[in-house]
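# Structural characterization, general
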Amino acid sequence: MSQRPPLPPFSHQDALTKVQAAEDAWNTCDPQRVSLAYTEDSVWRNRDQFVAGRARIVEFLTQKWQRELDYALRKSLWSHDGNRIAVRFQYESHDADGQWYRSYGNELWEFDENGLMRRREASINDLRISEAERRIFGPRPESERGQEIPLQ
């Protein structure tokens, strides 16, 4: 079995590292790469969808990024304890018609002893925005790493 350091129980720095690694991976929009952070039998609740297993995660993410174009994400640590991390996030994307959205959400993560995520629960709300209202452009620049995302 492969490991994904840092391993639980997480220190504050470990939790920050996990959050940044997740943000970096999701910003690649590469379902295969993202899926490697999850156990083979990982269970997700994403909005109103339930996904189980790494193969289904790849399928889910492939469909997601076919709909959510020019996807750009920011995550920030909310809390952590033992093998669990809570995150808040925002991402922006547009649909095939060019309508932009900012999506706000919270995630609850639970990891196994190898540092792979075995459970992910995501609650997400979408807000229509104009292209001029965008504020997230591509992956987080090095100069912004470790900074909180704005609440508005």
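Below, the structure is looked at part by part. Please read all numbers here as calculations on a predicted model, not as lab measurements.

## Some remarks on the sheet that holds strand β3 (residues 69-81)
Strand-to-strand pairing in sheets goes through backbone hydrogen bonds, with the strands running parallel or antiparallel. Read across the sheet, 6 strands follow the order β2-β1-β6-β5-β4-β3 without closing on themselves; strand pairing throughout is mixed. The sheet terminates laterally at β2 (49-52) and β3, the two strands that pair on one side only. Across the sheet, the mean angle separating the axes of adjacent strands is 20 degrees when strand polarity is ignored. Contacting β1 (38-46), β3, β4 (84-94), β5 (100-111) and β6 (117-129), helix α1 (residues 12-27) runs over the sheet at an angle of about 165 degrees to β3.

## Section: the pairing of β2
The pairing of β1 with β2 spans 4 bridges and is antiparallel. The partner of N46 across the bridge, within β2, is Q49. Linking two consecutive strands that pair antiparallel, namely β1 and β2, is a turn of 2 residues; a positive phi of about 60 degrees is found at R47 within it.

## A look at the pattern of salt bridges
Note on pairing: side chains with opposite charge can pair once their charged atoms come close. The full count for this structure, using the stated rule, is 15 salt bridges. Between R45 and E121 there is a salt bridge, with the nearest N and O atoms lying 4.0 Å from each other. One end of the pair, R45, is in strand β1; the other, E121, is in strand β6, with 76 residues separating them in the sequence. For R45, a relative accessible area of 21% gives the class partly exposed. What makes E121 partly exposed here is its relative accessible area of 22%. Salt-bridge contacts for R145 lead to E142; the nearest nitrogen and oxygen are separated by 3.3 Å. Each of D24, E142 and R145 takes part in one network of salt bridges that share partners.

## Section: helix α3 (residues 54-67)
Over its 14 residues, α3 extends 20 Å from the first C-alpha to the last, a length consistent with the 20 Å expected when each residue adds 1.5 Å. Looking only at α3, the buried set comprises R54, I57, V58, F60, L61, K64 and W65. Each buried residue of α3 lies within a common arc of 165 degrees when the element is viewed along its axis, so the set occupies one face. Seen from the buried face of α3, the exposed residues on the opposite side, beyond 90 degrees, are A55 and Q66. Looking at the packing, one finds that the buried side of α3 touches α1, α2 (31-35), β1, β2, β3 and β4.

## Examining the nonpolar core
Counting 26 residues, the largest nonpolar core has W26, V34, Y38, W44, L61, I85 and W109 as the members making the most contacts within it. The greatest single-element share of this core, amounting to 5 residues, is contributed by α1. Excluding anything up to four places from it in sequence, W109 contacts K18, V19, A22, K75, N83, R84, I85, V87, M117, R119 and R120.

## Comments concerning α1
Each turn of an α-helix holds 3.6 residues, which means side chains three or four residues apart point in the same direction. The end-to-end C-alpha separation of α1 is 23 Å, in line with the 22 Å expected for 16 residues at 1.5 Å each. Every buried residue of α1 is accounted for by A15, K18, V19, Q20, A22, E23, A25, W26 and N27. Immediately beyond the C-terminal end of α1, within one or two residues, lies C29, with a positive phi of roughly 55 degrees.

Rules used throughout
- Residues numbered from 1 in each chain as written.
- Predicted model: local features only at pLDDT ≥ 70, side-chain atom pairs only at ≥ 80, totals over all residues.
- Heavy atoms only, no water.
- Pairing = 2+ DSSP bridges.
- Helix = DSSP H or I, 4+ residues; strand = E, 2+ residues; numbered from the N terminus.
- Axes fitted to C-alpha atoms, helices over the stretch in contact; angles between N-to-C directions.
- Contact = heavy atoms within 4.5 Å.
- Salt bridge = Lys/Arg side-chain N within 4 Å of Asp/Glu carboxyl O.
- Buried < 20%, exposed > 50% of the residue type's maximum accessible area, 1.4 Å probe, protein only.
- Expected span 1.5 Å × (residues − 1).
- Arc of directions from axis to C-beta.
- Core = buried A, V, L, I, M, F, W, Y, C linked by side-chain atoms within 4.5 Å.

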